[in-house]
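For reference, the chains in residue letters:
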Amino acid sequence: MTHQRDFDFSLRPIIPYAHDYQHGDSEAWHMHHCAQLIHTLSGVIRVDVREGCWVVPPSRGVWIPANTPHALHITGAVQARVLFIDPLARADLPATCQVVSVSGLLRELILSALLLSADDCSGSRDTRIYGLMLDEIRLMDTLPFHLPEPTSDRLKRLSEAVRAAPHQAWSIADAAAAIGASGRTLNRHFYQQTGMHFSEWVRRARLLHALTRLAQGEPITRVALDLGYATPGAFSVMFRRVMGVTPSDYFRR
């Protein structure tokens, strides 16, 4: 994907772009002076920003506001369809990085935009397509695929340990002992720095790890047991509580 920082929006408010990644690809830290919507047709993208990371499963998208430093990490064969958007196109564009649902209408508009001319589109069908895309972007639902990063060094080390071994139990007592603090202190500081209690953060880390593996076609049973769940059913209950559907239904959709 291009690392170009500046785009010419004098002729159109949105510049569409298509790029296919291979498994293991990555993009180093960079930013654009425009907003960006990355829609994945397949595979998984992890987007790192200073405040944490977002995991983008297939058929979803990630919104990255203008001037946001970020890095990308690719799992599986990713077909990415990207919109670079003039930050002045609408006053109410999302102001924070977020994983979002992409409606069927928006998906088709993105694919159609890739076929549009780069010439002046004022007063044409192209203008209406771009305007409708901006309308649909304002209606995107935010999805719970964000893992906020603690700010203190010792909690950062703890979060890195959890991500490296999500299958471990990670009880409050064990985690607190690992950083030399009480359970109450751990929970208080973790919540202050991430907006999540430690146990909630661990569940979210496991969910994002599971999403990445399931998107590659790994069996639900293997993923569930590898993450320390006693049964695939227990994992499905957690998944449904957060996502609203079972893992099999989620990826079937």
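The paragraphs below set out a description of the structure included in this document. (Residues numbered from 1 in each chain as written. Predicted model: local features only at pLDDT ≥ 70, side-chain atom pairs only at ≥ 80, totals over all residues. Heavy atoms only, no water.)

## Quick notes on the pattern of salt bridges
1) Next: A complete count under the given rule lists nine salt bridges for this structure.
2) Next: Close ionic contact of Asp135 with Arg138 constitutes a salt bridge, the shortest N to O distance being 3.8 Å. One end of the pair is Asp135 and the other is Arg138, both in helix 2 (residues 125–138) and three residues apart, which spans about a single turn.
3) Next: Notably, a salt bridge pairs Arg213 with Asp226, separated by 2.7 Å at the nearest N-O pair. With Arg213 in helix 6 (residues 198–215) and Asp226 in helix 7 (residues 220–226), the pair connects residues that are 13 residues apart, well separated along the chain.
4) Next: Taken together, the shared-partner salt bridges connect Arg90, Asp92, Asp135 and Arg138 into one network. (Salt bridge = Lys/Arg side-chain N within 4 Å of Asp/Glu carboxyl O. Helix = DSSP H or I, 4+ residues; strand = E, 2+ residues; numbered from the N terminus.)

## Description of the side chain of Ser159
1) Next: Tracing the sequence through the fold places Ser159 in helix 3 (residues 153–164).
2) Next: Discounting residues that sit within four places of it in the chain, Ser159 has contacts with Glu149, Pro150 and Trp201. (Contact = heavy atoms within 4.5 Å.)

## Considering the pairing of strand 4 (residues 52–56)
1) Next: In terms of residue burial, strand 4 counts as a mostly covered element, since five of its five residues are buried.
2) Next: Where burial is concerned, the two faces of strand 4 agree: the one with Gly52, Trp54 and Val56 and the one with Cys53 and Val55 are both buried.
3) Next: The pairing of strand 3 (residues 35–49) with strand 4 spans five bridges and is antiparallel. Its bridge partner lying in strand 4, Asp48 is registered against Cys53.
4) Next: Taking the residues between adjacent antiparallel strands as the criterion, strand 3 and strand 4 are bridged by two residues. (Buried < 20%, exposed > 50% of the residue type's maximum accessible area, 1.4 Å probe, protein only. Pairing = 2+ DSSP bridges.)

## Examining the packing of helix 1 (residues 104–113) against helix 2
1) Next: Between helix 1 and helix 2, whose axes approach to 10 Å, the crossing angle comes to 145°. The interaxial crossing formed by helix 1 with helix 2 has left-handed handedness. Residue-level contacts link Leu105, Leu106, Leu109, Ile110 and Ala113 of helix 1 to Ile129, Tyr130, Leu132, Met133, Glu136 and Ile137 of helix 2.
2) Next: Of the residues that constitute the contact of helix 1 with helix 2, the class distribution is ten nonpolar, no polar and one charged. (Axes fitted to C-alpha atoms, helices over the stretch in contact; angles between N-to-C directions. Left-handed = near helix turned anticlockwise from the far one by under 90°. Nonpolar A, V, L, I, M, F, W, Y, C, P; charged D, E, K, R; others polar.)

## Some details on the environment of Gly183
1) Next: Take Gly183: it is sitting in helix 5 (residues 183–194).
2) Next: Take Gly183: its relative accessible area is 25%, and that puts it in the partly exposed class.
3) Next: Along the sequence, Gly183 and Arg163 sit 20 residues apart, while their C-alpha atoms lie 20 Å from each other.
4) Next: Ignoring anything within four residues of it in the chain, the contact list for Gly183 reads Ile172 and Ala176.

## Focus: helix 2
The α-helix winds at 3.6 residues per turn, so residues separated by three or four positions along the chain end up facing the same way.
1) Next: In this model, helix 2 (14 residues) spans 20 Å end to end at C-alpha, consistent with the 20 Å of a helix rising 1.5 Å per residue.
2) Next: Within the span of helix 2, buried status applies to Asp126, Ile129, Tyr130, Met133, Leu134, Glu136 and Ile137. In an axial view of helix 2, the angular spread of the buried residues amounts to 165°, which keeps them on one side of the axis. Residues of helix 2 that are exposed and point more than 90 degrees away from the buried face comprise Arg125 and Arg128. (Expected span 1.5 Å × (residues − 1). Arc of directions from axis to C-beta.)

## Details of a nonpolar patch on the surface
1) Next: Taken together, the side chains of Leu111, Leu114 and Leu115 define a hydrophobic patch exposed on the protein surface, amounting to about 270 Å² of accessible area.
2) Next: By the element assignment, Leu115 lies in the loop between helix 1 and helix 2. (Patch = residues over 30% accessible without salt bridge, like charges linked within 9 Å, V, L, I, M, F, W, Y side chains within 5 Å. Areas by Shrake-Rupley, 256 points an atom, 1.4 Å probe, with all protein chains shown as cover.)

## Structural notes on the packing of helix 6 against helix 8 (residues 232–243)
1) Next: In contact at an axis separation of 11 Å, helix 6 and helix 8 are set at 100° when each is read in the N-to-C sense. Relative to helix 8, the element helix 6 lies roughly perpendicular. Counted together, Arg203, Leu207, Ala210, Leu211 and Leu214 of helix 6 and Phe235, Met238, Phe239, Arg241, Val242 and Met243 of helix 8 form the full contact between these two elements.
2) Next: Of the residues that constitute the contact of helix 6 with helix 8, the class distribution is nine nonpolar, no polar and two charged. (Parallel < 35°, antiparallel > 145°, perpendicular 65-115°, else oblique.)

## Here we look at helix 6
1) Next: Helix length check: helix 6, at 18 residues, gives a terminal C-alpha distance of 26 Å against a target of 26 Å (1.5 Å per residue), a fit within 8%.
2) Next: Positive phi appears at Gly217, one or two residues downstream of helix 6, with a value of about 90°.

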